[in-house]
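# Structural features, examined
Here are the chains, one letter per residue:
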Amino acid sequence: MSNGSRHLVAEWHALWLVHFFFLWNTIQGQIRYTIPEELQQGSVVGNIAKDLGFGISEISERKLRIASEGKQYFSVDLGKGELIVSERIDRETLCGQSASCVLPLQVVIENPLQLHRIEIEIQDINDNAPNFITIKSILKIPESVIPGARFPLESAQDPDVGTNSLRSYTLSTSEFFRLNVKNLDNAGKVPELIIDKALDREKQSVHQLVLTALDGGNPVKSGTVVINVAVQDVNDNAPIFDQTIYKTSVSEKAEPGAVILRLKATDLDDGPNGVLQYYFGPHTSDTVQTTFSICPDTGEVSVIGKLDYEESKSYTFNVLAKDQGLPELEGHSSVQIDIVDENDNPPEIILTSLSSPVQENASVGTVVALINVKDPDSGDNGKVDLHVSPETPFKLKPSFENHYSLVTDSRLDREVNPEYEVEIVASDFGSPSLQTKKLVTVKVLDVNDNPPLFSQPSFNVYIKENNAAGASLCSVSASDADQDKNSLISYSIVDSSLQGVPTSSYFYINSENGTIYSLNSFDYEKIKVFQITVQAKDHGSPSLSSNATVHVFILDQNDNAPAVIYPSAIMGSVSHQKMPRSAKAGHLVTKVTAVDADSGHNAWISYKVVEATDASLLGVNLYTGEVRTKRAVSEHDDSSQRLLIEIKDNGEPVQSTTVTVGILLEDGIHEPISDFRQKAQEPGKKSNKITFYLIISLASVSAVSFVTFVILAVKCVRHSRRGPCCCMRRADSDGYENPNRNLQIQLNTDGPIKYVEVLGGDMSQSQSFRSCFSPVSEFSDFTFVKPSSTTDFKEMINVIDASLPDSAWTFEGQQVRIGNRMGICA
Ligand SMILES: *[C@@H]1O[C@H](CO)[C@@H](O)[C@H](O)[C@H]1NC(C)=O
Ligand SMILES: *[C@@H]1O[C@H](CO)[C@@H](O)[C@H](O)[C@H]1NC(C)=O
């Protein structure tokens, strides 16, 4: 005990002394002392000697002592005769909970032996506080308990009795709990805990309460116990997802196993009540379940199947989270997964119709094919641009969405391209863009659009005259770029007339291979060149044709002997030339002129004296035919000379002819030229005048000729526009200049005409010509009658002969050119 308590005991001692005297007075007979418990050793209970009526001396003599069973709490002070406390007295030990506690004592006194009985009543003091057995108690209460429920609490013990015993309980304040104390008859006061308000473990899982027990002593003693109320979890919270809907997007290229999303739910409950697992909601479609999976423990949503934006653009499904309480609770949410389109589909080109072959003459814009494009991707990934390879004559014409027609963009030409491989490229606008190519073969159908073409615009054929009829001349060939029937060619001769006879009677053409045959024999001297027109015609419908000219040149053969023009045999069997005896050596006596109807070498003429009266006097020039004196004429020379001249051509075989020239040597004849000169010199003034007139008339004739020429030229030009008939058309005939040589008739200039020279020419092509004589001619009425090509050459020569009055030509140095080159329009 503490010092404080001792002090209290001392006070109590004093109080009890007062009581003792009072009790002494009132109690008769039996001695009874009343003392409080827990007195100090040595405390005087009472003067037992005096109370028993013994003197002090007597008690020691008679050996007064206390006899008691058990512990000796008291002893007697023999000196003073007082009963004193020798041992601590705990009423609770002696008497327990009984309300009165009396210790009986026997007082033994000898001599004589006397027994006295005394009683000592031990009175309770509040020396015990109420006490709980457990210092800390734990009370488990499920949170689900309803308000009003009662839970018994441990009662406190207080050994003290009476008012010192347990009087009441108090509980620390709590809004959830309240205390109730039951009074049981034999068990005393029993405290109970009443739930005042619903508990929630999730808000407060432990409540700490202090229960205090109080006794009724003065001062009051108390004992406490701490009660920990553990609120036990009940599965009263469903899992709650952190989002009511989970939205996410994933590329359609996502590989299986890719985690897209993590579900997260919370459950406020504890233990298994708060352990969550995630699942698909009920009624989730198989499609979703085969495409996605949810990991039950982690809540991860991952891809397990193949995503395809084109199949499904979005998935929405319900998910739930379950705890493991009993019964289990569920939370719900939904998931929306949008699939992001990737450019994973190349465009598709569908040829819905193709009209091949297409005619080569199809007009621009003709539809060849109908094309459709598709791209299942969306947005730009699904937009398709279609184009064709630019080097083809086709283009695309969009009709309506994603439909195109392939049309011709320019004229087709089967001959250039019989078939086109049109490459159509579709590319989408994705990034990177995907492309598809398709080849469309367009065949081009032939149309007869090409005329046959001859291998040359004109053909030259050379045939020797006197050819055998029926020989093949040449072959012409033409080709046609078209196909099949359109390129099958037939040859024919376009009928025209040749010297009044249709060409078809001269020639035959093999219609299949173009070989030309002559049906006639030709005479170079009659006809040297002519042309036929051959036609090649295809079998198309309508058919096309083209013409080519075949120039047939008849080649000269030496089939004509030279013909003597001068001196003419018509004028007599022998023509006589006169020459003065005074003639010196080299004097030109005459000139033999011969022509050969052949041409070229066949017409090269040479002159040779075969026979002569006097070969030393006269000779003939080999080439010119001039007969000249070799020496001066002498007195002895015969006045009549004869020359037999052989005229040969240069052909193979050689053809020749002869002419006899008679010459008379005369005395006293003068050179006519000198006469003329004398005449001219005599009237000097007159001749000057004549010369002046001549110049004037020459100038005026030239002017007239020039004007005439201009008018004719203008006419010709007009004419040539209207038709093919123009005299100038032969201007390009250089190719056959040789056979068309000009005919020149040259007159000698030595006063009286001594000879006429025909230099050869081509009559055949001449339609007509007029003579163009010098105005000085005294024979201005001289005209050539037109020799046509059909005229015999010899006839013409006769005509010339007839027109030439012997020795009457007096003009000088004129050349008359007759030829188709200078031809004039008829
Ligand atoms: C053309 O046909 C005829 C008759 O069949 C033949 O004689 C000739 O040689 C042919 N010509 C050519 C160039 O083939
Ligand atoms: C071919 O010549 C004939 C006769 O001259 C003519 O009718 C025809 O038009 C010509 N054909 C061609 C393609 O020039």
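The structure presented is a predicted model; accordingly, all values stated were derived computationally and were not measured.

## Details of the overall build of the chain
In terms of regular secondary structure, the chain is built from eight helices and 54 strands. Counting every position in the chain, which comprises 826 residues, the buried fraction comes to 40%. Counted over contacts in the chain with a minimum sequence separation of 6, partners at least 24 positions apart contribute 66%. Carbon and sulfur atoms provide 52% of the accessible area of the chain, an area that totals close to 44,900 Å².

## Notes on the sheet that holds strand β45 (residues 588–591)
Pairing within the open sheet is antiparallel, and its three strands lie in the order β45-β49-β48. For this open sheet the edge positions go to β45 and β48 (618–620), each flanked by a neighbour on one side alone. Taken pair by pair, the neighbouring strands of this sheet meet at an average axis angle of 20 degrees, ignoring direction. In this sheet, strand β49 (residues 626–629) lies alongside β45 in antiparallel orientation, the contact comprising three bridges. Note on β49: the bridge partner recorded for Lys591 is Glu626.

## Topic: the site of ligand 2
Surrounding ligand 2, one finds Val494, Gln535, Ser545, Ser546 and Asn547. Relative to its unbound accessible surface of 360 Å², ligand 2 loses 37% to contact with the protein. Counted by class, the shell around ligand 2 contains one nonpolar, four polar and no charged residues.

## Concerning the site of ligand 1
Within the structure, ligand 1 sits among Ser475, Asn510, Asn513, Thr515 and Tyr517. Between ligand 1 and the protein, one listed contact pairs an oxygen atom with a side-chain N or O atom of Asn513 at 2.3 Å. Within the side chain of Thr515, an N or O atom sits 2.9 Å from a nitrogen atom of ligand 1. When ligand 1 sits alone it has 360 Å² of accessible area, and the protein chains cover 34% of it. A per-class count over the shell around ligand 1 returns one nonpolar, four polar and no charged.

## Quick notes on the state of the cysteines
In protein chemistry, a disulfide is the covalent bond that joins the sulfur atoms of two cysteines. Under the defined criterion, the tally for this structure stands at one disulfide. Shown here is the disulfide that connects Cys95 with Cys101, its sulfur atoms set 1.6 Å apart. Looking down the S-S bond of the Cys95 and Cys101 bridge, the torsion is 60 degrees, so its handedness is right-handed. Since its relative accessible area comes to 18%, Cys95 is described here as buried.

## What about the pattern of salt bridges?
Under the criterion given, the structure shown has 27 salt bridges. Across the pair Lys322 and Glu328 runs a salt bridge, and its minimum N-O distance is 3.8 Å. You can call Lys322 partly exposed: its relative accessible area is 22%. Owing to a relative accessible area of 43%, Glu328 belongs among the partly exposed residues under this scheme. Residues joined by salt bridges that share partners form a network here, namely Arg32, Arg117, Glu119 and Glu121.

## Thoughts on the confidence of the model for the chain
Residues shown with low pLDDT carry predicted positions that ought not to be read at fine detail. On average, residues of the chain carry a pLDDT of 78, and 79% of them reach 70 or more. pLDDT under 50 marks residues 671–684. Its contacts with residues more than four places away, or in other chains, come to eight contacts.

## Details of the side chain of Thr392
Positionally, Thr392 belongs in the loop between β27 (384–388) and β28 (394–398). At 2.9 Å, the side chain of Thr392 and the backbone oxygen of Ser389 are in polar contact. In this structure Thr392 touches Glu421 and Val422, once residues within four positions along its chain are discounted.

## Examining the packing of aromatic side chains
In the structure shown here, the tally under the stated rule is 16 aromatic pairs. For the ring pair Phe454 and Phe459, a centre distance of 6.1 Å and an interplane angle of 80 degrees mean the geometry is edge-to-face. The same class applies to Phe454 and to Phe459, which are both buried. A connected cluster of aromatic rings, assembled from ring pairs, spans Phe280, Phe292, Tyr315 and Phe317. The ring of Tyr279 has Lys322 lying over it, and the distance from NZ or CZ to the ring centre is 5.1 Å. For the cation-ring pair, Lys528 lies above Tyr524, with the distance from its terminal atom to the ring centre recorded as 4.7 Å.

## As for the sheet that holds strand β16 (residues 245–251)
The strand order across the open sheet formed by four strands is β16-β23-β22-β19, and the pairing between neighbours is mixed. Each edge of the open sheet is held by one strand with a lone partner, namely β16 and β19 (277–280). Here the average twist between neighbouring strands, direction ignored, is 30 degrees. Pairing of strand β22 (residues 314–322) with strand β23 (residues 330–340) involves nine bridges; the strand directions are antiparallel. Across the sheet, the residue bridging to Thr316 is Gln336, located in β23.

## So, unusual backbone geometry
Here the amide bond leading from Asn111 into Pro112 is cis, since omega sits at -15 degrees, within 30 degrees of zero. For the peptide bond that leads from Asn218 to Pro219, omega is -5 degrees, which places it in the cis range. On the secondary structure map, Pro219 appears in the loop between β13 (206–215) and β14 (222–232). Notably, Glu38 is not glycine yet its phi reads approximately 65 degrees, a positive angle. Its location among the elements puts Glu38 in the loop between β1 (31–36) and β2 (44–47). Of note, Asn466 is a non-glycine position whose phi angle comes to about 60 degrees, a positive value. Positionally, Asn466 belongs in the loop between β33 (458–464) and β34 (472–475).

What counts as what
- Residues numbered from 1 in each chain as written.
- Chains lettered and ligands numbered in written order.
- Predicted model: local features only at pLDDT ≥ 70, side-chain atom pairs only at ≥ 80, totals over all residues.
- Heavy atoms only, no water.
- Helix = DSSP H or I, 4+ residues; strand = E, 2+ residues; numbered from the N terminus.
- Buried < 20%, exposed > 50% of the residue type's maximum accessible area, 1.4 Å probe, protein only.
- Contact = heavy atoms within 4.5 Å.
- Areas by Shrake-Rupley, 256 points an atom, 1.4 Å probe, with all protein chains shown as cover.
- Pairing = 2+ DSSP bridges.
- Axes fitted to C-alpha atoms, helices over the stretch in contact; angles between N-to-C directions.
- Near = heavy atom within 4 Å.
- Nonpolar A, V, L, I, M, F, W, Y, C, P; charged D, E, K, R; others polar.
- Polar contact = N/O pair within 3.5 Å; in protein donor to acceptor, adjacent residues only side chain to side chain.
- Disulfide = S-S within 2.5 Å.
- Salt bridge = Lys/Arg side-chain N within 4 Å of Asp/Glu carboxyl O.
- pLDDT = per-residue confidence, 0-100.
- Phe/Tyr/Trp six-rings, centres within 6.5 Å; stacked < 30°, edge-to-face > 60°.
- Lys NZ or Arg CZ within 6 Å of the ring centre and 35° of its normal.

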